Amino acid sequence: MERKRADIIADELEGLIFDGTFTDGERLDEVQLSERFAVSRTPIREALQRLAQSGLVEQLPRRGVFVRQPGPIELIEMFEVMAELEAASARFAASRISDDALKELNQTNARCNAAVEAQDTDGYYRENERFHALLYRQSGNRFLEQECLRLQRRLQPFRRVQLRLRGRLRQSMAEHERIVAALEHGDGEAAAREIRAHVAVQGEKFHHLMSSLKPAAE
């Protein structure tokens, strides 16, 4: 499926923010960006709206759009909450998930594995999002699903950059397989434990994430 131009631009803008090209507090001008990407202002606006959802930019009325990078403490707090919300989803899903949904999870994992073999980080991330969204839905709790999706959108750029850590794709794939195995056995505690470890930012994942933000913080 062909990706929207706005989504491609949003991904490129994320990279420019992470590498320090656009620094914290800098105003992003729609006209300049439309010239930079050789597009009309409409996909630029859509891309900036997506970045606003993930919190990488802030839209201020009558002032414009400004880069906003969260600090380390804010990021860690968001990942802590994300890990616990996903753990709750997995615990509920272990007793509620349908056979069809388990089949779909395994199919998504197969596509994730193909992306690992191709070293396609962006492709893996898109399938990874589907994997997690399916798990939220199978929790059987609509409110929890919506909260997970909201925070997932907020953390999108930071979860994507984590996958660029050497060896992380294969590690993430192995974690997916353990999560599905726990769900297939109906073991809610194991499923919660596995996905909590999968989402949590600690050790090498923490250092990699912080180093990705370093240019903007200097």
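Refer to the structure above for everything that follows.
Keep in mind that this is a model prediction, so the values were computed, not measured.

If you walk across this open sheet you meet the 3 strands as β1-β3-β2, and the pairing is antiparallel. A strand with exactly one partner marks an edge of an open sheet, and here the two such strands are β1 (27-28) and β2 (57-60). Inspection of the sheet shows β2 paired to strand β3 (residues 64-67) by 4 bridges, in the antiparallel sense. Among the inter-strand pairings, Gln59 is bridged to a residue of β3, identified as Val65.

Right, let's talk about unusual backbone geometry for a bit. Positive phi is not limited to glycine here, since Arg62 has a value of about 65°. With respect to the secondary-structure elements, Arg62 resides in the loop between β2 and β3. Overall, the relative accessible area of 85% leaves Arg62 in the exposed class. A positive phi angle, near 55°, is found at Gln119, a position not held by glycine. When you line up the elements, Gln119 lands in the loop between α5 (99-117) and α6 (121-137). In this structure Gln119 comes out as exposed when scored by relative accessible area, which is 55%.

Applying the stated criterion across every chain, the model contains 19 salt bridges. Arg68 is the salt-bridge partner of Glu74, the closest N and O atoms lying 3.1 Å from each other. A salt bridge links Arg150 to Glu147, with the nearest nitrogen and oxygen atoms 3.1 Å apart. Within this pair, Arg150 and its partner Glu147 are both found in helix α7 (residues 142-162), separated by 3 residues, close to a single helical turn. Looking at Glu147, the relative accessible area reads 24%, which means it is partly exposed.

Analysis parameters
Residues numbered from 1 in each chain as written. Predicted model: local features only at pLDDT ≥ 70, side-chain atom pairs only at ≥ 80, totals over all residues. Heavy atoms only, no water. Pairing = 2+ DSSP bridges. Helix = DSSP H or I, 4+ residues; strand = E, 2+ residues; numbered from the N terminus. Buried < 20%, exposed > 50% of the residue type's maximum accessible area, 1.4 Å probe, protein only. Salt bridge = Lys/Arg side-chain N within 4 Å of Asp/Glu carboxyl O.

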